[in-house]
Amino acid sequence: MPRGRNTGSVRPVRPFPPAERPARARWPESRHYAALDLGTNNCRLLIARPHGSGFTVIDAFSRIVRLGEGLATTGRLSDAAIERTLAALRICAEKLKRRNVSLARSVATEACRQAANGAEFIERVYRETGIALDIITAEEEARLAVLGCHALLEPGDGPALVFDIGGGSTELVLVDSHAPVPRILDWHSAPWGVVSLTEATAGAGDSPEARAAIYSDMRARVQASFAPFVARLRSPGGTPRLLGTSGTVTTLASVHLGLPAYDRSVVDGLIVPAPAMRDISRRIAGMSIAERAQVPCIGNERADLVVAGCAILESILDLWPAERLGIADRGIREGILRRLMSGAGL
């Protein structure tokens, strides 16, 4: 039984009673692997089989669950957030059964790291769904994100900066990308993600002046949290490269392209001028929540959180003077799958 800690374990999927066994796999000669990433804001699952030097996705699931909603105030995962998350995890458990997954790893991040009832929640998830979640450290979260998305780094000399804006934290990773798998030179985890920063800076009113004050407060908090990392940074040399993975960067890239609906095929791997992303961030921050909700690819689900993502992104653009920003719709789940399929486990 899991104990809500960073156990570093990879677990085979729990066996099913004979009546519950899934139908015979379509590709019986190929093992199916799964990676589940339960973040502060999202629950995401990928199921894949090996293909060449990579893998082919055979099923996926993503849902905004806001597990960390209210955590900054109470220090606990709320009953409502737990119920929303369990509903999503039950869908994931059914997919694991139906796809005959032989090896899976499921991880939880900042919300479960911080919550006083995080371990209790992990136990309940296992009892009710059979999914064994590991609460991973911020360092492992950063490493998995890099492993999952580094293939999208532009070629170049000098170190590159990879970042992941989450719901409860933001990871910054400085990498040397000359090796097939980038070597991590330095990393930093800041305690601000789109959920935690939004809740910490909630203010009264939605006037242009109030919105500007809130955004300024967000930027100041994020810059202060990045300060230790900035103090260690040296001039990148060459052409600075920057790669972001998160709902924030994929959403803003969609706005940049003017997409009527999100399309991963055109967003994943996109290269966007950094000034354009900064301009979009400021324009969105100046909108009312009702105006943001009307923007395609933001909508009601992200309208209240996207401004915090904009503030974090602008602060990253301040500290790393890249002219272009690479966009990755991949990260922790892909990193887990690569490790599982390579036989490296963790």
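Residues numbered from 1 in each chain as written. Predicted model: local features only at pLDDT ≥ 70, side-chain atom pairs only at ≥ 80, totals over all residues. Heavy atoms only, no water.

Caption draft 1: Up close: unusual backbone geometry. Phi is positive for arginine 66, close to 50°, though the residue is something other than glycine. Within the secondary structure, arginine 66 sits in the loop between strand 3 (54-64) and helix 1 (71-74). Even without being a glycine, asparagine 100 presents a positive backbone phi close to 55°. Examined against the element boundaries, asparagine 100 turns out to sit in the loop between helix 2 (79-98) and strand 4 (103-108). (Helix = DSSP H or I, 4+ residues; strand = E, 2+ residues; numbered from the N terminus.)

Caption draft 2: Geometry of the pattern of salt bridges. Under the definition given, this model contains 26 salt bridges. Glutamate 83 is the partner of arginine 124 in a salt bridge, and the nearest nitrogen-oxygen pair spans 2.7 Å. Residue arginine 124 is found in helix 4 (residues 118-129), and its partner glutamate 83 is found in helix 2; the two are separated by 41 residues along the sequence. Take arginine 124: its relative accessible area is 24%, and that puts it in the partly exposed class. Between glutamate 314 and arginine 219 there is a salt bridge, with its nearest N and O atoms 4.0 Å apart. (Salt bridge = Lys/Arg side-chain N within 4 Å of Asp/Glu carboxyl O. Buried < 20%, exposed > 50% of the residue type's maximum accessible area, 1.4 Å probe, protein only.)

Caption draft 3: Up close: the sheet that holds strand 1 (residues 33-38). The five strands are arranged 3-2-1-4-5 in an open sheet whose pairing can be described as mixed. With one partner strand each, in any of the chains shown, strand 3 and strand 5 (133-135) form the two edges of the open sheet. Strand-to-strand, the axes of this sheet are offset by a mean angle of 20°, without reference to chain direction. Pairing geometry for strand 1 and strand 4, over six bridges, is parallel. If you follow tyrosine 33 over to strand 4, its bridge partner there is leucine 103. (Pairing = 2+ DSSP bridges. Axes fitted to C-alpha atoms, helices over the stretch in contact; angles between N-to-C directions.)

Caption draft 4: Spatial organisation of the pairing of strand 7 (residues 170-176). Taking burial as the measure, the seven residues of strand 7 include six buried ones, the bulk of the element. Sheet topology places strand 6 (residues 160-165) next to strand 7; six bridges connect them, and they run antiparallel. Bridging across to strand 7, aspartate 164 finds its partner in glutamate 171. Two successive antiparallel strands, strand 6 and strand 7, enclose a turn made up of four residues. Bridge count for strand 7 against strand 8 (residues 183-190) is seven bridges, and the pairing is antiparallel. In the sheet register, glutamate 171 faces strand 8, and the bridge partner there is serine 189. The hairpin turn running from strand 7 into strand 8, its antiparallel successor, is six residues long.

Caption draft 5: Structural detail: the packing of helix 7 (residues 208-232) against helix 13 (residues 306-319). Running from amino to carboxyl end, helix 7 crosses helix 13 at an angle of 40°, the nearest separation of the two axes being 9 Å. Classified by the angle between their axes, helix 7 and helix 13 sit oblique to one another. The interaxial crossing formed by helix 7 with helix 13 has right-handed handedness. Counting all contacts with helix 7, which are made through Tyr215, Met218, Arg219, Val222, Gln223, Phe226, Phe229 and Val230, the residues of helix 13 involved are Val307, Ala308, Cys310, Ala311, Ile312, Glu314, Ser315, Ile316, Asp318 and Leu319. For the contact of helix 7 with helix 13, the per-class residue count stands at 13 nonpolar, two polar and three charged. (Parallel < 35°, antiparallel > 145°, perpendicular 65-115°, else oblique. Left-handed = near helix turned anticlockwise from the far one by under 90°. Contact = heavy atoms within 4.5 Å. Nonpolar A, V, L, I, M, F, W, Y, C, P; charged D, E, K, R; others polar.)

Caption draft 6: Expanded view of the confidence of the model for the protein chain. On average, residues of the protein chain score 90 in pLDDT, and 90% of them reach the 70 mark or higher. In this model residues 1-29 is a low-confidence stretch, pLDDT under 50, and it forms 55 contacts with partners more than four residues away in sequence or in other chains. (pLDDT = per-residue confidence, 0-100.)

Caption draft 7: Just the side chain of serine 315, in detail. Within the fold, serine 315 resides in helix 13. By relative accessible area, serine 315 is classed as buried at 2%. Discounting residues that sit within four places of it in the chain, serine 315 has contacts with Arg219, Val222, Gln223 and Phe226.

Caption draft 8: Fine view of the nonpolar core. Formed by 51 residues in total, the largest nonpolar core has its most connected members in Leu161, Phe163, Leu242, Leu313, Ile316 and Ile327. Looking at this core, the elements with two or more residues in it are strand 6, strand 7, helix 6 (194-200), helix 7, helix 8 (247-257), helix 10 (274-285), helix 13 and strand 11 (324-328). It is helix 13 that provides the largest number of residues to this core, a total of ten residues. Leucine 242 has contacts with Leu161, Phe163, Ile316, Leu317, Trp320, Ala322, Arg324, Leu325 and Gly326, leaving out every residue within four places of it along the chain. Within the second largest apolar cluster, 31 residues are counted, among which are Ile58, Leu71, Leu96 and Ala104. (Core = buried A, V, L, I, M, F, W, Y, C linked by side-chain atoms within 4.5 Å.)

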